[in-house]
Structure formats: C-alpha cells, structure tokens
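This is what each chain is made of:
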Amino acid sequence: MKSFLARWLVTTIAVAIAVQLTDMTTDGWFPLVFAALLLGVINAVIRPIMLLLSLPFILVTLGFFILIVNAFMLWVVGKIVSGFHIDDFTTAFFGALIISIVNWALSAFVKDSDGQYRVVTHHSESQGGMKRVEGRVVDSDSRG
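Residues numbered from 1 in each chain as written. Predicted model: local features only at pLDDT ≥ 70, side-chain atom pairs only at ≥ 80, totals over all residues. Heavy atoms only, no water.

Peer 1: For this particular structure, what's the right way to read the overall build of the protein chain?
Peer 2: Of the regular secondary structure elements, the protein chain holds six helices and four strands. Each helix (α) and strand (β) of the protein chain, taken in turn from the N terminus, gives the series α-β-α-α-α-α-β-α-β-β. Put simply, the protein chain has 144 residues, and 30% of those count as buried. For the protein chain, the proportion of contacts with a sequence separation of at least 24, taken over those separated by at least 6, is 52%. (Helix = DSSP H or I, 4+ residues; strand = E, 2+ residues; numbered from the N terminus. Buried < 20%, exposed > 50% of the residue type's maximum accessible area, 1.4 Å probe, protein only. Contact = heavy atoms within 4.5 Å.)

The structure is reproduced here in structure tokens:
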C-alpha cells in the first residue's frame, strides 16, 4: 500500500509540474490529485490494451506512437475530471511528455515492490549483444 501511495504522490507531482509548464489548468488541489489517481488507473487498465491494439503503428513509427497513446490517456482524464482542464490535444501531448519525464526521474526515489530502492547506474553489453541494466540497491537507512 505504501508503494501505491508513493507512486500516486509521484504522479501527482508530475501532473502538477505539467500543469505549470503547459496550458493545462486545474481548479485546485482536489481535481489535480483526483486526475493523478485516475491517470494511474487508466494507465494500469486501459493503456496496455491501447498499446496492444496500436502495436502496428508503434512499430512503424519506431515507438513515437506511444507518445500519442499517452497524450490520449491524459486527454481522456481531462474530459472526465471536472476542474482539470485540457483545451486541446497538443496541450495533452506536451503534458503527457512532461509527466512521463518527471515520473521517470522521480521514480528513482520510490521503493520497488520488494521494499528496496533501485537506482540505475549503467548499461553494459552482455552475451548476444543485449544490453543489461545494472542497478545498485540503496538501503533506506543510508538515504539520510
């Protein structure tokens, strides 16, 4: 449950930053927090289905279409949550891009499901030309 709350907090911070940097608007903290919660639920339930259905477009565009799917999910949240306004799809696109970047950056400070922090330190080549990601486990006591 703590992991869920931490990820929700990270998403809320990411959405708040996106609201500040784009033309998205919110009528207060409650719509912002609810929009972050709904975005997380939609990303967990509907986004995998959308990614599977749009797989040919994702392959043809070399992954760029994933950004379109993310923008669509954010745009849907803007239509559902009253008090959270997204005027057009371009705003949703840049907002989703900002949310993705901030989420990725802040996720380094959230514990994994096993209760440990994992910070990606570097990529290395392994057998067969595949890249292997190595991380370092950070104890919660050593984080200060």
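Peer 1: Just to check I follow, could you spell out the packing of aromatic side chains for this structure?
Peer 2: Two measures describe an aromatic ring pair: the distance that separates the ring centres and the angle between the ring planes. One pass over the structure, following the stated rule, counts five aromatic pairs. With a centroid separation of 6.4 Å and 10° between ring planes, the pair formed by F30 and F34 is classed as stacked. Note that F30 and F34 are positioned in helix α2 (residues 29-45) at a spacing of four residues, about one turn of the helix. What makes F30 exposed here is its relative accessible area of 68%. Overall, F34 belongs to the partly exposed group, its relative accessible area being 37%. A ring pair is formed by F57 and F65, whose centres lie 5.3 Å apart and whose planes are at 35°; its orientation type is tilted. Linked through ring pairs, F64, F93 and F94 together constitute an aromatic cluster. (Phe/Tyr/Trp six-rings, centres within 6.5 Å; stacked < 30°, edge-to-face > 60°.)

Peer 1: Please clarify how a nonpolar patch on the surface should be interpreted in this entry.
Peer 2: A surface patch of nonpolar side chains, amounting to about 360 Å² of accessible area, comprises L9, I13, I17 and L21. Inspection of the secondary structure assignment puts I13 in helix α1 (residues 2-21). (Patch = residues over 30% accessible without salt bridge, like charges linked within 9 Å, V, L, I, M, F, W, Y side chains within 5 Å. Areas by Shrake-Rupley, 256 points an atom, 1.4 Å probe, with all protein chains shown as cover. Salt bridge = Lys/Arg side-chain N within 4 Å of Asp/Glu carboxyl O.)

Peer 1: I would appreciate a short explanation of the nonpolar core in the present structure.
Peer 2: Here is a general trend for soluble globular proteins: nonpolar side chains tend to be buried in one another's company. With 25 residues, the main nonpolar core has V15, M24, L39, L74, V77, F84 and I99 as its most contacted residues. Listing elements by their share of this core, those giving two or more residues are α1, α2, α5 (65-80) and α6 (89-106). Sequence-distant contacts of L74, that is, excluding residues within four places in its chain, are made with M24, L39, F84, I86, A92, G95, A96 and I99. (Core = buried A, V, L, I, M, F, W, Y, C linked by side-chain atoms within 4.5 Å.)

Peer 1: Which parts of the structure should I look at to understand unusual backbone geometry?
Peer 2: Where the residue is not glycine, phi is negative for most of them; where a peptide bond is considered, it is trans in most cases. Its identity as a non-glycine residue notwithstanding, L62 has a phi of 55°, on the positive side. Considering the arrangement of structural elements, one finds L62 in the loop between α4 (55-60) and α5.

Peer 1: What should I look at first to understand α2 in this one?
Peer 2: Every α-helix winds through 3.6 residues per turn, so residues three or four apart in the chain are directed the same way. The end-to-end C-alpha distance of α2 is 24 Å, a good match for the 24 Å that 17 residues give at a rise of 1.5 Å each. Those residues of α2 lying buried are P31, L32, A35, A36, L38, L39 and I42. In this structure, the buried residues of α2 make contact with α1, β1 (25-26), α3 (47-53), α5, β2 (84-85) and α6. (Expected span 1.5 Å × (residues − 1).)

Peer 1: Before we go on, may I ask you to explain the side chain of T11 in this structure?
Peer 2: Looking at where T11 falls in the secondary structure, it is placed in helix α1. Not counting the four nearest positions on each side in its chain, T11 is found in contact with A36, L39 and N103.

Peer 1: Can you walk me through the packing of α5 against α6 in this structure?
Peer 2: Think of two packed helices as two axes; the pair is described by the angle between the axes and how far apart they sit. Direction vectors running N to C along α5 and α6 enclose 105°, while the axes themselves pass 8 Å from each other. Relative to α6, α5 is oriented roughly perpendicular. Contacts between α5 and α6 involve L67, I68, N70, A71, F72, L74 and W75 from the first element and F89, A92, F93, G95, A96, L97, I99 and S100 from the second. Grouping the constituent residues of the contact of α5 with α6 by class yields twelve nonpolar, three polar and no charged. (Axes fitted to C-alpha atoms, helices over the stretch in contact; angles between N-to-C directions. Parallel < 35°, antiparallel > 145°, perpendicular 65-115°, else oblique. Nonpolar A, V, L, I, M, F, W, Y, C, P; charged D, E, K, R; others polar.)

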